[in-house]
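# Analysis of the macromolecular model
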Amino acid sequence: MAKNETFWTADGSHLPDVQPHTKAKHRLVEEYIQNWIVTLCGNNIGKRKKVLIVDGFCGGGMYRDPENGEMWAGSPIRIIQAVEKGLERVKIEKSKPDYDLQAKYIFIDSKKEHLDSLRVHMMGLGLGDYTNNPEKCELLWGKFDQQLESILLEVKKLRASSFFLLDPFGYTDVSMQNMRDIIELGKSEILYTFMIDFVRRFLKTNNRKLKLSFQSVLEADGYYELKDTYKDTPAQQEYLKDQTLNLFRKRTKADFVYGFSLLHNQSLVKYYLIHLASSVVAQRVMKSAMWAQNNLDFLCRHHDSVYGMGHKSVYYFESQNLPRCFDVKETNNQACIEKLDEHLMPLIYSGDGIQFSDLELKTIQTNPATIKHYVEFVNQQRDAKEVEVIRDGKITTSKQVKSTDIILRAKYKQTKLFT
Ligand SMILES: C[S@@+](CC[C@H](N)C(=O)[O-])C[C@H]1O[C@@H](n2cnc3c(N)ncnc32)[C@H](O)[C@@H]1O
């Protein structure tokens, strides 16, 4: 075992220290899963839904938080708890008290002692109902890629919506083919930890072994072709990020691909959490979760193209003598809306305007904005008399922009062009 590798013992007594970026990842996953359940179950007229959630590299279930010495739950436990909280919200907030959610969990790990440790901690938290019921939850010992085929069959049989958390240590355990197979299911999505370190190392050393994985696992031939020596400059990091997202779009054929950066130190991305989804709604929910966890002042520092949304570890705030709760959201909010100008106005100004839902569809992967920012942007442009909003053939002044509304250049602006 590598010296610093995270590991668990079968009796659950060893708790690895949780890193700040892992905590950020956990918070993002639980925020997302909870809202995903609320959206899936709350916004339809039906009263039942089947979901299958796979944590393909689940680990031993519990960490120790070095900040306070307390226990910190790992991803599989957080996933179950987030689904339960989401369902509670559906019952109360969406007034569906008898909603029937059939959620099944599959947790996989290649180390038996990690699964044993997970079982111990689940039992300790009162989740024995899950560990003792294979209809609800399976703990599978083996390599993720070798388990995938039977899981795909199960998703198809159940006709369930599925979510795959793929959080390996390295970069060779999940292939592009694996991801294509998952996305092909249809109502499926993936949150994948992509170690950009691997690409950086490959670019720096051109190592033969790395090259083989680069070609066969990542199918990355023709990508990351830098002219200059790789030195982690902001421009080069921006290039790596763009290439990575484009590579995933092309190879997995997912309709919606967006990334969240987890930074190692002040300026170096350690890995990306890449969200691959077949529905715009899923991506919308994920972007809102990313906003909730983002602590980068990415826009005011013009770093949005390098990092996008992401998380800088606590050391950054300490080294800057900033309070940890330093609120980057407010500074980012208005900057984000202003930034939408670049992407949205050309679409609004071309032709006879554009339906609001199409505006979002065409640009959701190009910027960090959430649907609320889009609405705010349209309202600000309307107040500035730059655009008009047309509903059922008439101008509307409603601030609640609807997906079917047409956004077009204000009439007097159009005539001004010809006078
Ligand atoms: C980063 S840890 C997972 C941590 C966990 N997702 C969490 O956040 O609490 C990665 C885990 O994947 C397991 N693993 C490594 N290679 C694997 C493979 N090919 N298939 C399944 N699990 C694997 C390791 O044993 C380890 O427990």
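Up top is the structure these notes are about.
Below: a short report on this structure. Quick caveat, the model's predicted, so the values are computed rather than measured.

## Brief notes about the environment of Leu-15
Within the fold, Leu-15 resides in the segment before α1 (20-42). Separated by 102 residues in sequence, Leu-15 and Ser-117 have C-alpha atoms that sit 9.6 Å apart. Residues within four places of Leu-15 in sequence aside, it is in contact with Met-62, Tyr-63, Arg-64, Met-71 and His-121.

## Concerning the nonpolar core
Formed by 71 residues in total, the largest nonpolar core has its most connected members in Leu-101, Tyr-105, Phe-107, Met-122, Ile-348 and Ile-407. Broken down by element, this core gets its largest block of residues, 10 residues, from α1. Two domains share this core, each providing at least three of its residues, namely domain 1 (20-325) and domain 2 (331-418). Ignoring sequence-local partners within four residues, the contact set of Met-122 consists of Ile-77, Ile-80, Phe-107, Leu-127, Gly-128, Tyr-130, Thr-131 and Cys-137. Core analysis: the next-biggest nonpolar cluster, separate from the first, contains 47 residues, Ala-254, Leu-263, Tyr-272 and Leu-276 among them.

## Structural notes on the packing of aromatic side chains
One pass over the structure, following the stated rule, counts 13 aromatic pairs. On the basis of an interplanar angle of 10 degrees and a centroid distance of 3.6 Å, the ring pair of Tyr-171 and Phe-198 is categorised as stacked. Of the two residues, Tyr-171 is situated in the loop between β6 (161-166) and α6 (176-183) and Phe-198 in helix α7 (residues 196-205); the sequence distance between them amounts to 27 residues. Across the pair, exposure class does not vary: Tyr-171 and Phe-198 are buried alike. Taken together, the aromatic side chains of Tyr-171, Phe-198, Phe-202, Phe-214 and Tyr-224 make up a single cluster linked through ring pairs. Geometry around Trp-72 places Lys-23 over its ring, the cationic atom sitting 5.0 Å from the centre.

Calculation criteria
Residue numbers run consecutively from 1 along every chain, following the written order of its sequence. For this predicted model, a pLDDT threshold of at least 70 governs which residues receive local features, and a threshold of 80 or more governs which side-chain atom pairs are given and counted, while totals over whole chains, interfaces and linings are taken from all residues. Note: side-chain values were computed over all heavy atoms of the structure, leaving out hydrogens and water. Comment: elements are numbered from the N terminus, with helices defined as DSSP H or I runs of at least four residues and strands as E runs of at least two. Only heavy atoms enter the contact rule, under which two residues are in contact if any of them lie within 4.5 Å. The criterion is simple. A nonpolar core is a set of buried Ala, Val, Leu, Ile, Met, Phe, Trp, Tyr and Cys residues joined through side-chain atoms within 4.5 Å. Each residue gets one of three labels from its accessible area relative to the maximum for its type: buried under 20%, exposed over 50%, partly exposed in between, using a 1.4 Å probe on protein chains only. The source of the domain bounds is an automatic or database domain assignment. Each aromatic pair joins two rings of Phe, Tyr and Trp (for Trp, the six-membered one) with centres within 6.5 Å, and gets the label stacked for planes under 30 degrees apart, edge-to-face for over 60, and tilted for any other angle. For a ring to carry a charge above it, either NZ of a lysine or CZ of an arginine must fall within 6 Å of the ring centroid while also lying within 35 degrees of the normal to the ring plane.

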